[in-house]
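Read off the chains here:
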Amino acid sequence: MSAENSTKERPSYALALTRVQGIELVSPSFVRVTFGGPDLDEFGTEGDIFDARIKIIFPPTPQAIPAIDRESDDWWGSFLAIPEEERGSMRTYSVRELHVAEEGTEVVVDFVLHLEPGRTGPASTWASTVQVGQPVFIVGPRRGIPSSEHGGAEYAPGAARSVLLAGDETAAPAIARILEDAPRDLRGAAFIEVPTASDILSIQAPPGIEVTWLPRAAEAEHGSSLIPAVLGYLGGADAAVEVRDLEGEELLWETADYSGLGEPIAAAPASVDRYFWIAGESGVVTTLRRHLVKDLGIDRAQVAFMGYWRRGVAMRG
Ligand SMILES: Cc1cc2nc3c(=O)[nH]c(=O)nc-3n(C[C@H](O)[C@H](O)[C@H](O)COP(=O)(O)OP(=O)(O)OC[C@H]3O[C@@H](n4cnc5c(N)ncnc54)[C@H](O)[C@@H]3O)c2cc1C
């Protein structure tokens with residue numbers, strides 16, 4: 001969601017001023033926040049949600065409402081015109097649940113609390129102190145617009161009936177949503193690395209999907225459990241792999257029809273029956289990408305590799 005999406009025609013996504021309606025600490029590392037308010041009646045997806053993403057604007061102080069011109073189709077320009085210290089910080093999140101009902105629409109988001117000194121940020125800080133009633137702007141898909149026009153969901157298995165989903169705690173909400181929306185006859189596996197064993201949450205996955213939760217060892221780096229588990233499952237030998245990062249690059253973002261690395265993309269062969277969706281810390285995803293594509297020869301058209309955040313780097317809108 002950027003300036004180029006926000007001119008002339010009505011944007012395919014909506015800006016909603018919401019209020020926090022519910023807060024639940026579902027585990028030591030996840031806080032589940034429910035947002036409501038009349039503006040959310042503009043939100044919705046045609047069909048399943050899968051890994052649809054939204055943008056949340058965390059205000060500079062808990063009760064502040066940045067002076068964004070909500071009526072304008074160019075609200076993005078109006079947001080950017082506000083001095084940085086007054087407009088707050090925008091970050092990307094997944095929709096864990098979307099409740100559309102006559103009495104109003106609610107959006108539920110699972111926030112990871114990463115609160116180690118020097119490794120936290122405005123979103124995590126907000127989530128750790130949030131109170132019911134606080135105002136927050138959310139940007140999300142506009143109801144009635146086909147999902148293909150939002151550009152907000154990447155999960156696209158096509159005709160594949162078997163999937164491998166893998167990610168760290170930031171990808172856990174998207175993996176859960178994908179598995180709860182997926183057809184019940186989907187087969188495959190999901191690997192989810194989380195900070196502690198107490199962060200294992202309930203997912204209503206199709207019975208043919210084996211969900212493996214991977215609590216990290218104390219003090220261990222992201223990827224230390226996920227990389228060996230995924231490579232072991234796929235038969236890629238070397239379990240002790242060094243995490244690679246794309247120095248000086250943006251987050252890794254490669255899907256079946258987009259390559260942030262600018263690589264050519266071939267259409268998936270009709271016979272492809274397996275789809276790979278991997279998200280989380282960018283260096284970890286980059287490491288897995290290298291092994292899957294280069295060492296195991298997995299077709300680029302069968303994959304989505306997405307850096308959801310990057311170690312040591314604060315995200316921006
Ligand atoms: C499509 C998409 C969907 C996402 N969905 C979710 C979701 O549903 N739930 C969720 O919690 N996150 C999700 N994320 C990730 C989230 O946007 C980032 O973690 C974001 O950086 C958090 O912002 P912040 O203000 O807390 O930290 P930032 O200000 O961005 O970063 C500050 C510091 O914190 C570090 N950091 C950021 N995230 C983490 C982390 N998880 N663990 C440890 N250190 C971290 C950074 O490396 C940096 O050093 C998603 C990201 C994308 C792109």
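From a predicted model like this one, the values you see are computed outputs, not experimental measurements.

Participant: Talk me through the overall build of the protein; I want residue IDs and the actual numbers.
Facilitator: Each helix and strand in the protein was counted, giving seven helices and 14 strands. Of all intrachain contacts in the protein linking residues separated by at least 6 positions in sequence, the fraction that spans at least 24 positions is 72%.

Participant: I'd like to hear about the confidence of the model for the protein, residue by residue, with values.
Facilitator: Across the protein, pLDDT averages 89, with 88% of residues at or above 70. Overall, residues 1-8 carries pLDDT values under 50, and its contacts beyond four positions in sequence, including any with other chains, amount to 16 contacts.

Participant: Any chance you could break down the site of the ligand for me, citing the residues and the numbers?
Facilitator: In the vicinity of the ligand, 27 residues are found, and the nearest of them are Thr92, Val112, His114, Arg310 and Met315. Note that a nitrogen atom of the ligand is positioned 2.9 Å from one of the side-chain N or O atoms of Ser94. Note that an oxygen atom of the ligand is positioned 2.8 Å from one of the backbone N or O atoms of Val112. For the ligand, whose free accessible area comes to 920 Å², the fraction covered by protein is 96%. Elements represented by at least two residues in the shell around the ligand include exactly strand 4 (89-94), strand 6 (104-112), helix 3 (122-129) and strand 14 (303-309). At four residues, strand 4 tops the list of elements feeding residues into the shell around the ligand.

Participant: Pulling in residues and values, what's your account of the pairing of strand 14?
Facilitator: Taken across its seven residues, strand 14 has six buried, putting it largely inside the fold. The pairing of strand 13 (residues 274-281) with strand 14 spans six bridges and is classified as parallel. Bridge pairing in strand 14 places Trp277 opposite Ala304. Taken together, strand 13, helix 7 (residues 282-295) and strand 14 constitute a β-α-β crossover, and its handedness is right-handed.

Participant: Give me the lowdown on the pairing of strand 13, citing residues and values where you can.
Facilitator: The two faces of a sheet get side chains in turn, since along a regular strand they alternate between them. The element strand 13 is largely enclosed, with a buried count of seven among its eight residues. Strand direction decides the pairing type here: strand 8 (residues 162-167) and strand 13, joined by six bridges, are parallel. Bridge pairing in strand 13 places Leu165 opposite Trp277.

Participant: Tell me about the pattern of salt bridges, and please be specific about residues and values.
Facilitator: Within the structure shown, the criterion is met by 15 salt bridges. Across the pair Arg161 and Asp273 runs a salt bridge, and its minimum N-O distance is 3.7 Å. Separated by 112 residues along the polypeptide, Arg161 in the loop between helix 4 (147-150) and strand 8 and Asp273 in the loop between strand 12 (258-259) and strand 13 bring together distant segments of the chain. Residue Arg161 is classed as exposed on the basis of its relative accessible area of 52%. Taking the relative accessible area as the measure of exposure, Asp273 reaches 28% and is therefore partly exposed.

Participant: Describe the side chain of Arg91, naming the residues involved and giving the relevant values.
Facilitator: Looking at the element boundaries, Arg91 is found in strand 4. Of the side chains bearing the opposite charge, Glu84 lies closest to the buried Arg91, which forms no salt bridge; the N-O distance is 8.4 Å. Only 2.7 Å separates the side chain of Arg91 from the backbone oxygen of Met315, close enough to count as a polar contact.

Participant: Residues and numbers for the nonpolar core, please.
Facilitator: Nonpolar side chains in soluble globular proteins generally cluster together in the buried interior. Counting residues in each nonpolar core, the largest one holds 29 residues, and the members touching the most others are Tyr155, Leu165, Ile175 and Trp277. Mapped onto this core, the elements with two or more residues apiece are strand 8, helix 5 (172-181), strand 9 (187-194), strand 10 (209-215), strand 13 and strand 14. For this core, the element with the highest residue contribution is helix 5, accounting for six residues. For this core, the domains that each give at least three residues are domain 1 (3-149) and domain 2 (154-309). Leave out the neighbours within four places in its chain, and Ile175 touches Leu165, Ala166, Gly167, Ala190, Phe191, Ile192 and Trp277. Formed by 25 residues, the second largest nonpolar core is a distinct cluster that contains Val20, Ile56, Val95 and Ala123.

Participant: I'd love a proper account of the environment of Ala171, names of residues and values included.
Facilitator: Positionally, Ala171 belongs in the loop between strand 8 and helix 5. Overall, the relative accessible area of 0% leaves Ala171 in the buried class. Through-space distance from the C-alpha of Ala171 to that of Val194 is 9.8 Å; in sequence the pair is 23 residues apart. When sequence neighbours within four positions are dropped, the list of residues in contact with Ala171 reads Trp277, Ala279 and Tyr308.

Participant: Kindly report on the sheet that holds strand 7 (residues 135-141), identifying the contributing residues and their values.
Facilitator: Strand order in the open sheet made by the seven strands is 4-3-7-1-2-6-5, with antiparallel pairing throughout. Since the sheet does not close on itself, it has two edges, and those belong to strand 4 and strand 5 (97-101), each with one partner. Ignoring strand direction, the axes of neighbouring strands in this sheet form an average angle of 30°. Where strand 2 (residues 30-36) meets strand 6, six bridges bridge the pair, whose relative direction is antiparallel. Paired with Phe30 across the strands is Val112, a residue of strand 6. Helix 3 rests against strand 1 (13-25), strand 2, strand 3 (53-58), strand 4, strand 6 and strand 7 of the sheet, and its axis sits at about 75° to strand 4.

Conventions adopted
- Residues numbered from 1 in each chain as written.
- Predicted model: local features only at pLDDT ≥ 70, side-chain atom pairs only at ≥ 80, totals over all residues.
- Heavy atoms only, no water.
- Helix = DSSP H or I, 4+ residues; strand = E, 2+ residues; numbered from the N terminus.
- Contact = heavy atoms within 4.5 Å.
- pLDDT = per-residue confidence, 0-100.
- Near = heavy atom within 4 Å.
- Polar contact = N/O pair within 3.5 Å; in protein donor to acceptor, adjacent residues only side chain to side chain.
- Areas by Shrake-Rupley, 256 points an atom, 1.4 Å probe, with all protein chains shown as cover.
- Buried < 20%, exposed > 50% of the residue type's maximum accessible area, 1.4 Å probe, protein only.
- Pairing = 2+ DSSP bridges.
- Right-handed = clockwise from strand over helix to strand, strands pointing away.
- Salt bridge = Lys/Arg side-chain N within 4 Å of Asp/Glu carboxyl O.
- Lys, Arg positive; Asp, Glu negative; His and termini not counted.
- Core = buried A, V, L, I, M, F, W, Y, C linked by side-chain atoms within 4.5 Å.
- Domains from an automatic or database assignment.
- Axes fitted to C-alpha atoms, helices over the stretch in contact; angles between N-to-C directions.

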